[in-house]
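Coordinate inspection notes
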Amino acid sequence: MKHATVIATYSRRMRLALADGREVNARIKGKRIKPVCGDKVDAEPIENEDDWLITGIAERRNELSRPNMRGKVEVLAANLDYLVVVAAAEPRPDWFIVDRYLCAAELIGIDACVVYNKSDLGTADVRYELDTYFDIGYDVVACSALNGEGIDNVRKLLATHCAIIVGQSGVGKSSIINRLIGDDVQKTSEVSDKSREGRHTTVNSAMISLPGGGVIIDSPGVRDYAPALESSTAAAQGFREIRDAAGECRFANCRHLREPGCAVKERCENGVISPRRYESYKRIVNLTEQLGEGRY
Ligand SMILES: Nc1nc2c(ncn2[C@@H]2O[C@H](COP(=O)(O)OP(=O)(O)OP(=O)(O)O)[C@@H](O)[C@H]2O)c(=O)[nH]1
Ligand SMILES: [Mg+2]
Ligand SMILES: [Zn+2]
């Protein structure tokens, strides 16, 4: 029996890094356990086979998850300490997706940054949005995986972390990783000419060690993302600026929707809280209520 870390998942097959540095392929004992990238597992060699067998998962420090089609929680990765959410000039940035990932990071208690990739295509259009995230307290980096601009700043943020990189398909997550390691290890492909959307090139999560220190999990791009919330009241905890204002609301249980004396709405009207972020908050509240409270 050995301790190992799951460094890649291919549905029920996994790649493991053993404590001694060796990497092996593995399958899972039984149907009960569902390891994900970042999991610490117990594994043992199988006689006369190259495969190892995963027999158990150590307790997770945290998990990044989402509700799946069937209303169950799907865990995307475990034991993270940093989240990098990427947007880019192309495909068109969906800031609501960025907010929902940041919300998820807040709720699992990890720090996060916003990376705006493809800066070679210009950043003027998104200054306002990027400043908004910076003002809230997130690290913000504009970079280009194409010409290398700003990549050093990304590297610095990742140096000591086990991070996950997330965002829409085609924003350049795998390209950024290739830049960071100075090698084309992760497959990439161009955004579709017709739809201007990504092609979902990365299909399996994989953990990659960075030469400057730290590891990063490349994850498949999404069309949409929502955090799995225990209840709609949890949403407020996922927005730093709403959480900060909430103490000044007239009612302790204010949901910041239609309540009188709401400091969140007031700060929104005064332009202290971004109306777009507030809209994002309301959408998460609605979404969670549609999915059914207390389902998770
Ligand atoms: N102009 C420009 N193009 C870039 C940049 N970074 C990536 N690209 C291109 O964007 C396309 C998508 O890049 P990927 O790295 O495959 O994107 P991804 O986010 O990993 O996509 P999925 O794996 O589908 O989620 C490729 O054609 C890249 O060459 C950049 O900084 N500037
Ligand atoms: Mg990719
Ligand atoms: Zn309020």
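Let us look at the overall build of the protein chain. Within the protein chain, the regular secondary structure consists of seven helices and 13 strands. Since a compact globule built from 296 residues should have a radius of gyration of about 19 Å, the 20 Å found for the protein chain is in line with a globular shape. With the C-alpha coordinates of the protein chain rotated into their principal frame, the extents come out at 70 × 45 × 35 Å. Looking at the protein chain as a whole, 50% of its 296 residues are labelled buried.

With that settled, the discussion passes to the domain arrangement of the protein chain. Here the protein chain is partitioned into domain 1 (2-57), domain 2 (64-218) and domain 3 (232-291). For domain 1 and domain 3, the distance between their C-alpha centroids amounts to 42 Å.

All right, on to the coordination of the zinc ion (ligand 3) then. The protein atoms that coordinate the zinc ion (ligand 3) are Cys249 (SG), Cys254 (SG), His256 (ND1) and Cys262 (SG), at distances of 2.1 to 2.4 Å. Between the four donor atoms coordinating the zinc ion (ligand 3), the angles at the centre fall across 102 to 115°, so the site counts as tetrahedral. Counting gaps between the donor residues of the zinc ion (ligand 3) yields the pattern C-x4-C-x1-H-x5-C. Since its relative accessible area comes to 3%, His256 is described here as buried.

As a further point, take the coordination of the magnesium ion (ligand 2). Here the magnesium ion (ligand 2) is held by Ser174 (OG) and Thr202 (OG1), and the distances to it run 2.0 to 2.2 Å. With a gap of 28 residues between them, Ser174 in helix α4 (residues 173-181) and Thr202 in the loop between α4 and β12 (206-209) connect regions that are remote in the sequence. For Ser174, a relative accessible area of 6% corresponds to the buried category.

Time to look at the environment of Ile164. Within the secondary structure, Ile164 sits in strand β11 (residues 162-167). Not counting residues within four places of it along the chain, the set of residues in contact with Ile164 comprises Leu64, Ala77, Leu80, Tyr82, Leu83, Val84, Ile216, Ile217 and Ser219.

Moving on, we come to the packing of helix α1 (residues 95-107) against helix α2 (residues 127-136). Direction vectors running N to C along α1 and α2 enclose 15°, while the axes themselves pass 12 Å from each other. With respect to α2, the element α1 is oriented roughly parallel. Crossing of α1 against α2: the hand is right-handed. Note on element contacts: α2 touches α1 through Glu129, Leu130 and Tyr133, opposite Trp95, Val98, Asp99 and Leu102. Residue composition of the contact of α1 with α2, grouped by class: five nonpolar, no polar and two charged.

Reading the values: the criteria
Here the residue index of a chain counts from 1 through its sequence in written order. Chain labels run from A onward and ligand labels from 1 onward, assigned in the order the entries are written. Only residues with pLDDT of at least 70 get local features here, since the model is predicted, and only at 80 or more are side-chain atom pairs given and counted; chain-wide, interface and lining totals rely on the full set of residues. Based on all heavy atoms of the structure, the side-chain values leave hydrogens and waters out of the count. The numbering of helices and of strands both runs from the N terminus, where a helix is a DSSP run of H or I of at least 4 residues and a strand a run of E of at least 2. Using C-alpha atoms as the atom set, the radius of gyration is obtained and then compared with a globule rule of 2.2 Å times the number of residues to the power 0.38. Burial here depends on accessible area, computed with a 1.4 Å probe over protein chains only, as a share of the maximum for the residue type. Under 20% is buried, over 50% is exposed, and the range in between is partly exposed. The split into domains, and so the bounds of each, comes from an automatic or database assignment of domains. Each metal's donors are the N, O and S atoms found within 2.8 Å of it, except that Na, K and Ca use a 3.2 Å limit; water is left out, so coordination can look incomplete. Every angle between 85 and 135 degrees makes a four-donor site tetrahedral, while opposite donors more than 155 degrees apart, with all other angles between 65 and 115, make a four-donor site square planar and a six-donor site octahedral; other sites are irregular. Any pair of residues with heavy atoms lying within 4.5 Å of one another is described as a contacting pair. Axes, fitted as lines to C-alpha atoms, cover a helix only where it is in contact. Angles between the N-to-C directions of the axes lie from 0 to 180 degrees. In what follows, roughly perpendicular refers to angles from 65 to 115 degrees, roughly parallel to angles under 35, roughly antiparallel to angles over 145, and oblique to any angle outside these ranges. The hand of a helix crossing depends on one turn: near helix anticlockwise from the far one by less than a right angle means left-handed, and clockwise means right-handed. Gly is put with the polar residues, along with every residue not named as nonpolar or charged; the nonpolar set is Ala, Val, Leu, Ile, Met, Phe, Trp, Tyr, Cys and Pro, and the charged set is Asp, Glu, Lys and Arg.

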